[in-house]
Amino acid sequence: MSTTLAPTLPAPSRFLRVEWLLLLVAAIWGGSYSATKLATAQVPVLPFLVLRFGLTFVLLLPALRGLAVPAWRAALGGAALLGVNLLAILVCETFGVSLTTASNAAFLISLCVAFTPLCEWWLLNVRPTRTVLAAAAVSLLGAGLLAFQHGGALPSLAWGDALVVAAAFLRGVMVCLTRRHGQRHGLPALTVTAVQMGVMTLGAALLSLAVHGPVWAPLPTSLPFWGAMAFLVLLCTVLAFFVQNHAAARTSPSRVALLMGSEPLWGALIAALWLGEQLTLPGWIGGSLIVASAWWVVRPRP
């Protein structure tokens with residue numbers, strides 16, 4: 001009986017690494033602000049979240065077959081906890097943006113870059129290196145220049161600002177919990193995403209019921225609204241959260257946060273290309289700093 005050795009496959013392209021997928025997600029999320037603004041102009045925030053994540057959960061129902069593992073109860077509980085955390089992030093972020101200025105929100109949400117190494121130290125007992133802290137500081141400086149490129153100063157902390165800061169902190173907690181869950185249970189990333197969407201749909205529905213009562217306003221019929229919902233469901237939710245769950249279980253949470261911290265830059269570039277907004281010199285400098293810190297994370301290593 002002869003044995004045939006399998007041919008050695010070529011190493012995957014550098015552009016297929018999880019870090020580059022995270023940059024793609026950051027670019028997609030950079031365009032999500034316009035889509036969300038368009039949709040929430042026609043539907044209140046909580047019903048909008050129910051619709052967005054409910055449609056996503058329906059699409060991902062087949063992925064729940066990944067729960068067929070011996071320790072499925074513990075795996076389901078861990079994924080549900082991630083869903084609760086993610087719901088808290090989206091609620092804080094969406095309401096926070098509605099209560100503060102866009103520039104403040106863009107700067108404050110980027111604080112997750114600084115929070116994540118501390119959360120990694122706290123939750124995973126991984127002391128951040130000086131290189132990671134330096135890259136986080138550079139990314140944070142770039143986000144500040146980009147957000148305040150048109151002038152203005154950070155006012156005293158208001159409710160909207162506080163909610164965005166809370167969302168930034170919860171983002172740092174999220175990537176750490178996702179990594180720990182992936183190491184313990186090994187569920188497929190799409191299965192984790194499906195559970196998260198189910199928890200978020202239920203949670204948003206309960207919040208909507210508490211705030212708006214049992215009355216559900218009729219859904220818009222305009223093509224721009226449903227185009228925005230399709231973009232948010234298929235790209236900003238299904239693809240983006242799958243990639244984030246996939247990557248968070250395979251790379252450092254601090255690296256995930258640094259790469260996702262390039263989101264303000266992508267948002268500015270998309271606004272400049274699609275909406276005709278202009279970046280000032282401080283904005284370009286800030287964007288360049290964010291790109292530089294992201295490149296430092298994904299640079300080729302021996």
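The structure this text deals with has already been given above.
### Points about the environment of Ala162
By secondary structure assignment, the location of Ala162 is in helix H8 (residues 159-185). The sequence separation of Ala162 and Gly96 amounts to 66 residues, and the corresponding C-alpha distance is 7.5 Å.

### Regarding the nonpolar core
Ranked by internal contacts, the top residues of the largest apolar core, which has 53 residues, are Leu49 and Leu86. Of all the elements, helix H10 (residues 223-248) adds the most residues to this core, at eleven residues. Those residues within four positions of Leu49 in sequence are excluded, and the remaining contacts are Gly54, Val91, Thr94 and Ala204. If you look at the next biggest cluster of nonpolar residues, it comprises eleven residues, including Cys92, Ala105, Ile109 and Ala168.

### Some words on the side chain of Asn85
For Asn85, the position within the fold is in helix H4 (residues 72-99). Residues within four places of Asn85 in sequence aside, it is in contact with Leu170, Val173, Met174 and Leu177.

### Comments concerning a nonpolar patch on the surface
Taken together, the side chains of Leu55, Trp216, Leu219 and Trp226 define a hydrophobic patch exposed on the protein surface, amounting to about 350 Å² of accessible area. Here Leu55 lies in helix H3 (residues 45-60). Assessed through its relative accessible area of 35%, Leu55 is described here as partly exposed.

### Some remarks on the packing of H3 against helix H9 (residues 189-212)
In a pair of packed helices, the angle between the axes and the distance between the axes together describe the arrangement. The interhelical angle for the contact between H3 and H9, taken along N-to-C directions, is 150°, at an axis separation of 8 Å. By the angle between their axes, H3 is roughly antiparallel relative to H9. In this structure, H3 meets H9 at a crossing whose hand is left-handed. Partitioned by chemical class, the residues of the contact of H3 with H9 number 15 nonpolar, seven polar and no charged.

### Digging into the state of the cysteines
Scanning the entire structure with this criterion turns up zero disulfides. Not engaged in a disulfide, the cysteine Cys119 finds its nearest cysteine sulfur in Cys176; these two sulfurs lie 5.5 Å apart.

Here is what the cut-offs are and how they apply
- Residues numbered from 1 in each chain as written.
- Predicted model: local features only at pLDDT ≥ 70, side-chain atom pairs only at ≥ 80, totals over all residues.
- Heavy atoms only, no water.
- Helix = DSSP H or I, 4+ residues; strand = E, 2+ residues; numbered from the N terminus.
- Core = buried A, V, L, I, M, F, W, Y, C linked by side-chain atoms within 4.5 Å.
- Buried < 20%, exposed > 50% of the residue type's maximum accessible area, 1.4 Å probe, protein only.
- Contact = heavy atoms within 4.5 Å.
- Patch = residues over 30% accessible without salt bridge, like charges linked within 9 Å, V, L, I, M, F, W, Y side chains within 5 Å.
- Areas by Shrake-Rupley, 256 points an atom, 1.4 Å probe, with all protein chains shown as cover.
- Salt bridge = Lys/Arg side-chain N within 4 Å of Asp/Glu carboxyl O.
- Axes fitted to C-alpha atoms, helices over the stretch in contact; angles between N-to-C directions.
- Parallel < 35°, antiparallel > 145°, perpendicular 65-115°, else oblique.
- Left-handed = near helix turned anticlockwise from the far one by under 90°.
- Nonpolar A, V, L, I, M, F, W, Y, C, P; charged D, E, K, R; others polar.
- Disulfide = S-S within 2.5 Å.

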